[in-house]
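Summary of the model geometry
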Amino acid sequence: MQVRVRYAPSPTGLQHIGSVRTALFDYLFARASGGVFILRLEDTDRTRYSEEYVKNLYDTFKWLGFYWDEGPDVGGPYGPYVQSERFPLYQARAKELIEKGMAYYCFCGEERLAKVRADQADSDTSEMGYDRHCRGLDPAAAAARIAAGEKAVIRLKIPLEGTTKFRDALLGDIEWKNEDVSPDPILLKSDGFPTYHLANVVDDHLMRITHITRAQEWIPSAPLHIIMYEAFGWEPPELVHLPMVLGADGHKLSKRHGATAVDEFRKAGYLPEALVNYVSHLGCSFEEGRDIFSLADLERLFKVERLNKAPAIFDYQKLEWYNGQYIRLKSDADLLGLVMPYLVQAGLLAEAPAPEPRSLALGAMPLVKERLRFLADAPIMLRYLFEEPPVPAPEEFIPKKLDKARAAELLAAGGALLPSCDLSDLEATEARYRAEAERLGAKFGDLMMPLRVAVTGSRVSPPLFESIRLIGIPKATARIGRAVAALS
RNA sequence: GUCCCCAUCGUCUAGAGGUUAGGACAGCGGGUUUUCAUCCCGCCAACAGGAGUUCGAUUCUCCUUGGGGAUACCA
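Residues numbered from 1 in each chain as written. Chains lettered and ligands numbered in written order. Predicted model: local features only at pLDDT ≥ 70, side-chain atom pairs only at ≥ 80, totals over all residues. Heavy atoms only, no water.

Overview of the protein's contact with RNA strand B
Condition: Nearness is defined per residue: one heavy atom within 4 Å of the molecule or strand is enough. Whenever a nitrogen or oxygen atom comes within 3.5 Å of another N or O atom, the pair is scored as a polar contact, on the condition that within protein one atom can donate a hydrogen and the other can accept it, and that pairs from neighbouring residues in sequence are kept only if both atoms are in side chains. Only DSSP runs of H or I with at least four residues qualify as helices, and only runs of E with at least two residues qualify as strands; both kinds are numbered from the N terminus onward. Here the term charged refers only to Asp, Glu, Lys and Arg, the term nonpolar to Ala, Val, Leu, Ile, Met, Phe, Trp, Tyr, Cys and Pro, and the term polar to all other amino acids, Gly among them.
Every one of the 62 residues lining RNA strand B counts as a neighbour, but G283, E370, R371, R434 and R452 are closest to it. Near the protein, within 4 Å, the atoms of RNA strand B are sugar or phosphate in 73% of cases. Within the side chain of E42, an N or O atom sits 3.3 Å from a sugar or linking oxygen of RNA strand B. Between RNA strand B and the protein, one listed contact pairs a sugar or linking oxygen with a backbone N or O atom of R459 at 3.2 Å. Looking at the surface near RNA strand B, the elements with two or more residues in it are β11 (312–313), α11 (316–329), α16 (426–440), α17 (444–456) and α18 (464–471). Top contributing element to the surface near RNA strand B by residue count: α11, with five residues. Tallied by class, residues from the surface near RNA strand B come to 28 nonpolar, 14 polar and 20 charged.

As structure tokens, this is what we get:
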């Protein structure tokens, strides 16, 4: 039997790093088993729905490099793949359950439900949730009220006794007492929209889903779904509940822990490879003694047995390390392509730069490749190549244990030497400067630091001689001249 | 409160009865180096606790403790 797995997001927010991790495992599971990966939009919550989130969903996965075999945009034999386009299906199925006596109309309004909840909170009862007030209603009477136009929801009849068993491919056998299952959850809302439970079960069955992979927060609704499958007389898919992703404080990952929307990572200059690689190791391992895995590697190596049961804490530092690794793996041309939008946004480069500034930027890539943590760091690091940096305060020029006069002297000497240097020969240039430092009785570093500050505007910068080679000796000499003047 | 799931270094993990408990990130200390970074080397650091089972338990069972999740006309 061919494996069919789906990622079924609800477009009620930006794609979250946690759900993307679930999507990744869905995707890998399908690919590793030669199965089919399906995207299904669960847009049944129209109060939180937004078109913008649908767009974000597509953008996110395109950027990450996932593709689906069936979905709203690519079609497929079991469509439509958007739940809002499938409403009649759910209504029919809910009514089917009523006819079978497995579900019932409930006429309880918000107020009564709120009161039930409040009473439960006040008393020391362990009973929680709906009190099954309408469960005992005469079906014919209820049907008559519906026919008369009264508003109602449809609730599933959870058996009052007995147990529901199911097997999780990861966690093994799980058995629930039916009295502990959510008491008669709503299947169809009063506005006729299905809830997650109904839509999910109906669609998973109709779309021939073979494996449900979702986060462990869904375990408590699994028995309820199983009861529904049984009520319909359907074979339930295999369940795989994935470990959750937590923040540093051990709670469900959320905004207060830092960035959570994939979009935020993307804008900050994270690479999709880094994100995928890092996230794939939250709750899963692939191969020992290796840290770097491409999406293609993961597709090949993924196995359900390598999944973990315990929740994983999201570690921003490790993600950052991965990002650096992937940045260093890029060719200069590729890196420039990635960094370009950031340079453009900072006003350092035109959107379609002329050959000269473009080659300047390209030449700068080897200088920053080892230094970038995020793509967004590039403009800060490279600004001095494109613009005249302001002359820093005098104390910035003064090496440790030296004074202002000495700094000016070293700076002037270093500047004077520059025009006669052949910067295509870095070694020779360095040798000359070392000799110059010796002649002046200065440490090499003390000769270099003021020069660096004068040329780049900062004590921290990419390698100096290569930087000068990029902007040209005349420009560098001019900057040094200005700095000498400022120091005198 | 009730129910469910989980438990190896600070973090992500390897380990599937016998290992000096391995790797990675972070931290710390060195080295390379014109600053910063990269890179290289080293160090620190874990089987939550208690009962069993067994010749032998990190590994199997139970209990305790701890952590997380669910308890919506959201998913």
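Examining the packing of α17 against helix α19 (residues 473–487)
Note the cut-off: To define axes, lines are fitted to C-alpha atoms, for helices over the stretch in contact only, and angles between the resulting N-to-C directions are given on a 0 to 180 degree scale. Orientation categories follow fixed angle ranges, with anything under 35 degrees roughly parallel, anything over 145 roughly antiparallel, 65 to 115 roughly perpendicular, and all other angles oblique. By the convention used here, residues are in contact when the closest approach between their heavy atoms is within 4.5 Å.
The interhelical angle for the contact between α17 and α19, taken along N-to-C directions, is 110°, at an axis separation of 8 Å. In terms of axis orientation, α17 runs roughly perpendicular to α19. Residues L451, A454 and V455 of α17 form the contact with α19, whose participating residues are A476, R479, I480 and A483. For the contact of α17 with α19, the per-class residue count stands at six nonpolar, no polar and one charged.

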